[in-house]
Amino acid sequence: MLRFPNPGSDISAFVRTFQALFGALRHEDTGEITWLEEFSEEHAIRVTDGVKRIQAIITKKSQGEPTSNKRKCTSCRLRLQCDVFR
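Note that the structure is predicted; figures quoted are calculated from it, not measured.

Both strand 1 (residues 22–26) and strand 2 (residues 33–38) contribute to a ladder of five bridges, which runs antiparallel. Opposite Ala-24, over in strand 2, you have Leu-36 as the bridge partner. Connecting strand 1 to the next strand, strand 2, in antiparallel fashion are six residues, including Gly-31 with a positive phi near 75 degrees.

Given below as structure tokens:
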């Protein structure tokens, strides 16, 4: 699955795709809403910027940003194109 810098960004990407007005996270066990945010133009810009950044990495027009948590690299779909992983 494609991941963005934080869970809110993942949700914003889904909201942008499906033209929803709100993004929310529910607790897996209780179903209780743990995060709710109205979708704004700022969210749309962040999602678009994130997608453009990922496209640039895939097409090798730019390099990925290093992470201090190397466990993220293990399951990353972009690790074969990423100099940080090697």
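From this point, the narrative continues.
This part takes up the pattern of salt bridges. Within the structure shown, the criterion is met by one salt bridge. Notably, a salt bridge pairs Glu-42 with Arg-46, separated by 3.6 Å at the nearest N-O pair. Taken together, the positions of Glu-42 and Arg-46, both in helix 2 (residues 41–58) and four residues apart, correspond to about one turn of that helix. A residue is classified by how much of its surface remains accessible, and Arg-46, at 37% relative accessible area, is partly exposed.

This part covers the environment of Leu-21. Along the chain, the position of Leu-21 falls in the loop between helix 1 (7–18) and strand 1. In the structure, Leu-21 is positioned 17 residues away from Glu-38 in sequence and 6.1 Å away in space, judged by C-alpha atoms. In this structure, Leu-21 is in contact with Glu-38 and Phe-39, ignoring residues within four places of it in sequence.

For the rest of this paragraph, the subject is helix 2. With 18 residues, helix 2 should reach 26 Å at 1.5 Å per residue; the first-to-last C-alpha distance of 26 Å fits that figure. Within helix 2, burial applies to His-43, Ala-44, Val-47, Gly-50, Ile-54, Ala-56 and Ile-57. Where helix 2 terminates, the next one or two residues include Lys-60, which has phi positive at roughly 60 degrees.

A few words now on a nonpolar patch on the surface. A surface patch of nonpolar side chains, about 430 Å² in accessible area, is lined by Leu-21, Phe-22, Ile-33 and Leu-36. Within the fold, Phe-22 resides in strand 1. Phe-22 sits in the partly exposed class, given a relative accessible area of 47%.

How each quantity is defined
Residues numbered from 1 in each chain as written. Predicted model: local features only at pLDDT ≥ 70, side-chain atom pairs only at ≥ 80, totals over all residues. Heavy atoms only, no water. Pairing = 2+ DSSP bridges. Helix = DSSP H or I, 4+ residues; strand = E, 2+ residues; numbered from the N terminus. Salt bridge = Lys/Arg side-chain N within 4 Å of Asp/Glu carboxyl O. Buried < 20%, exposed > 50% of the residue type's maximum accessible area, 1.4 Å probe, protein only. Contact = heavy atoms within 4.5 Å. Expected span 1.5 Å × (residues − 1). Patch = residues over 30% accessible without salt bridge, like charges linked within 9 Å, V, L, I, M, F, W, Y side chains within 5 Å. Areas by Shrake-Rupley, 256 points an atom, 1.4 Å probe, with all protein chains shown as cover.

Nothing here speaks to function; it is all geometry.
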